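# Results of the structural survey
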Amino acid sequence: MDHFLGIDFGTSGVRAIAINCDRKIIDMTRADYDIRDCQTWQFALQDVISQLSLEIRQNIKSIAIDGTSATVVLCDRNGTVMKPPMIYSDICAAELLDQVNQIAPPQHIVCSATSSFAKLIAIAQDIKPATETDQKLYLLHQADYLGYLLHGNLGISDYHNALKLGYDPILLTYPDWLQNWAAQNPAVTLPKVLAPSTPVGMIQPEIAHKLDLPKDCMIVAGTTDSNAAFLASVGCAAPAIGTAVTSLGSTMVLKVLSDRPINDSRYGIYSHRFEHPQHGCLWLVGGASNVGGAVLRQFFSDQQLSELCDRINPEIPSPLDYYPLPKTGDRFPINDPHLTPRLEPRPNDPAEFLHGLLESMARIEAQGYALLRDLGASPVQQLYTAGGGANNPVWTKIRNRNLQIPMAKSSQMEAAYGAALLALN
Ligand SMILES: Nc1ncnc2c1ncn2[C@@H]1O[C@H](COP(=O)(O)OP(=O)(O)O)[C@@H](O)[C@H]1O
Ligand SMILES: O=C(CO)[C@H](O)[C@H](O)COP(=O)(O)O
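Residues numbered from 1 in each chain as written. Chains lettered and ligands numbered in written order. Predicted model: local features only at pLDDT ≥ 70, side-chain atom pairs only at ≥ 80, totals over all residues. Heavy atoms only, no water.

Taking an unreviewed UniProt entry as the reference, the protein chain is identified by name as FGGY-family carbohydrate kinase belonging to Pseudanabaena mucicola FACHB-723.

As structure tokens, this is what we get:
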């Protein structure tokens, strides 16, 4: 029986889900890791695979990996990581953003302090010009680097991860402005870009041996965590236009399947290409906010979260109006690297405080979907939820009251299932 493995690298953890040809989950494993330490990426990757039963591992036909978007790492030609990764919410200095604005077209989506291209400009600042080919350096996204660890082909990405680097998902090429920049900065090689789910290469023999994987196990091009979450929630490759998914993990990411791309760097709005079996090329229009579960973890353990939620009446709106960020800066619907968290006034009752946090994040989610609609995204017909926050019925009721959008039960709430569907395809 053939099995297909999806591996999700989120902010706070790694999940692997093995499915069979009927898309049924046959096993799921988890591992902790530190998103800022690439060595833990490698350990966690091997850990979540090794935890699978021997029978499953020996029948894995293909593997797909999703990672956090705009998390980038610089490697040399041997795949050695040259410096700690810059993660998706890291902000580049204002003077570097000025450089980005001089290179990219006005209001391009890379004209954001958190874009992968802004991080490339930051990294390129202290790279000596390459005199020999062996000094070539490679900019990789998190999913690209993890895929390299398995297939051994350096410099391969996908058009979801490469979007915030500046890759054009309509023309399926790097735009001239970026190719010109790369020609003037030969020390850094941009990754080759494939469609998600495209076969990249077979697993390296020594890795196959170490992990008891088949010698012909194929590693396919991956995606980003919230695109994988979209696929997981709808559970197929043919969702209706107007299907929306909120990925409620450490962050909050909104996506609406639309018939046209909408991009607006003022608000941190961008569109991922989505190949639909019936409609052809569609677009996942959305944005990623830094509000989400990470800020809840700053104040409450999962146990406290559960106990305090039992004391909240979700039908009564909280009067508290927060902007609950884990640190300064947001990307969407307010794209402002200097936006400070608003977490006052702090009530004495922790249940009241939690109610205010959940209600405020639900209001921001509703503002986000209203902004997407106002800027031309297809109207939302039904809304799924993925990620850890999807497990919270009180939050779901609060969100339902603020959103006024028909909410559907997700097929699967783990992004790793979406990655497994890519491996199956
Ligand atoms: N029942 C819950 N209610 C609210 N938030 C939750 C709940 N369970 C988990 N979370 C939050 O979800 C996040 C983890 O979800 P996950 O999808 O694994 O996120 P990520 O991959 O982005 O780290 C944590 O920040 C945690 O606070
Ligand atoms: O918030 C994030 C981490 O979970 C990422 O930014 C998220 O992946 C959103 O980016 P994209 O829409 O490109 O997937």
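### What about the overall build of the protein chain?
Along the backbone of the protein chain there are 13 helices and 17 strands. Principal axes of the C-alpha set define a box for the protein chain whose edges measure 65 × 55 × 45 Å. Residues classed as buried in the protein chain amount to 60% of the 425 residues present. A total of about 17,000 Å² of accessible surface is found on the protein chain, and carbon and sulfur atoms cover 50% of it. (Helix = DSSP H or I, 4+ residues; strand = E, 2+ residues; numbered from the N terminus. Buried < 20%, exposed > 50% of the residue type's maximum accessible area, 1.4 Å probe, protein only. Areas by Shrake-Rupley, 256 points an atom, 1.4 Å probe, with all protein chains shown as cover.)

### A short note on the site of ligand 1
Around ligand 1, a shell composed of 16 residues is seen, among which Ser12, Arg15, Ser250, Gly293 and Gly388 lie nearest. A distance of 3.1 Å is found between an oxygen atom of ligand 1 and a backbone nitrogen or oxygen belonging to glycine 293. Within the backbone of alanine 294, a nitrogen or oxygen atom sits 3.4 Å from an oxygen atom of ligand 1. Placement of ligand 1 is best described as lying within the largest pocket. Considering every element that reaches the shell around ligand 1, the biggest residue donor is helix α9 (residues 293-299), with four residues. For the shell around ligand 1, the class distribution of residues is four nonpolar, ten polar and two charged. (Near = heavy atom within 4 Å. Polar contact = N/O pair within 3.5 Å; in protein donor to acceptor, adjacent residues only side chain to side chain. 1 Å grid on protein atoms, 1.4 Å probe; cavity = no way out; pocket = protein on both sides within 12 Å on 5 of 7 lines; lining within 4 Å. Sits in = over half its atoms within 2 Å of the grid points. Nonpolar A, V, L, I, M, F, W, Y, C, P; charged D, E, K, R; others polar.)

### Let's talk about the nonpolar core
One finds Leu296, Leu354, Leu358, Tyr369 and Leu372 to be the most contacted residues of the largest nonpolar core, which totals 43 residues. Those elements that provide at least two residues to this core are β13 (243-248), β14 (252-258), β16 (280-289), α9, α10 (302-309), α11 (350-374) and α12 (393-403). It is α11 that provides the largest number of residues to this core, a total of twelve residues. Apart from the residues within four sequence positions on either side, leucine 358 is in contact with Leu296, Cys309, Ile312, Trp395 and Ile398. Ranked by size, the runner-up nonpolar core spans 41 residues in total, among them Leu52, Ile63, Leu146 and Leu149. (Core = buried A, V, L, I, M, F, W, Y, C linked by side-chain atoms within 4.5 Å. Contact = heavy atoms within 4.5 Å.)

### Concerning helix α1 (residues 38-50)
Taking 1.5 Å of rise per residue, the 13 residues of α1 would be expected to cover 18 Å, and the 19 Å separating its terminal C-alpha atoms lies within 8% of that figure. When α1 is considered as a whole, its buried residues turn out to be Cys38, Thr40, Trp41, Ala44, Leu45, Gln46, Val48 and Ile49. (Expected span 1.5 Å × (residues − 1).)

### Regarding the site of ligand 2
Of all residues adjacent to ligand 2, which total 14 residues, the nearest are Thr224, Asp225, Ser226, Lys255 and Tyr270. Between ligand 2 and lysine 164, the relevant distance is 3.0 Å, taken from an oxygen atom to a side-chain nitrogen or oxygen of the residue. Between ligand 2 and arginine 331 there is a distance of 2.7 Å, counted from an oxygen atom to a side-chain nitrogen or oxygen. Alone, ligand 2 offers 370 Å² of accessible surface; in the complex the protein occludes 98% of this. Cavity membership is defined here by more than half of the atoms lying within 2 Å of grid points; on that basis ligand 2 lies in the largest pocket. Mapped by element, the contributors of at least two residues to the shell around ligand 2 are α8 (225-234), β14 and β15 (270-276). Each residue belonging to the shell around ligand 2 can be placed in one class, and the counts come to four nonpolar, six polar and four charged.

### Observations regarding the state of the cysteines
A full pass over the atoms with the stated rule returns zero disulfides. Between cysteine 111, a cysteine without a disulfide, and cysteine 92, which holds the nearest cysteine sulfur, the sulfur-to-sulfur distance is 12 Å. On the basis of relative accessibility, which here comes to 13%, the residue cysteine 111 falls in the buried class. Cysteine cysteine 217 shares no disulfide, and the gap to the nearest cysteine sulfur, in cysteine 21, comes to 14 Å. Among the residues examined, cysteine 217 registers a relative accessible area of 0% and is labelled buried. (Disulfide = S-S within 2.5 Å.)

### A word on the packing of α1 against helix α5 (residues 142-151)
Between α1 and α5, the least distance of the axes is 11 Å, while the angle of their chain directions is 60 degrees. The orientation of α1 with respect to α5, classified from their angle, is oblique. Crossing of α1 against α5: the hand is right-handed. Here Cys38, Trp41, Gln42, Leu45 and Ile49 of α1 lie close against α5, whose contacting residues are Gln142, Tyr145, Leu146, Leu149 and Leu150. For the contact of α1 with α5, the per-class residue count stands at eight nonpolar, two polar and no charged. (Axes fitted to C-alpha atoms, helices over the stretch in contact; angles between N-to-C directions. Parallel < 35°, antiparallel > 145°, perpendicular 65-115°, else oblique. Left-handed = near helix turned anticlockwise from the far one by under 90°.)

### A closer look at α12
Three or more residues of α12 are buried, namely Val394, Trp395, Ile398, Arg399 and Leu403. All buried residues of α12 project into a common sector of 160 degrees when viewed along the axis, lining one side. Looking at the buried side of α12, the elements it contacts are β13, α9, α10, α11 and β17 (382-386). For α12, the N-terminal cap is asparagine 392; the gap from its side-chain oxygen to the backbone nitrogen of valine 394 is 3.0 Å. Following α12 by one or two positions, glutamine 404 has its phi on the positive side, about 55 degrees. (Arc of directions from axis to C-beta.)

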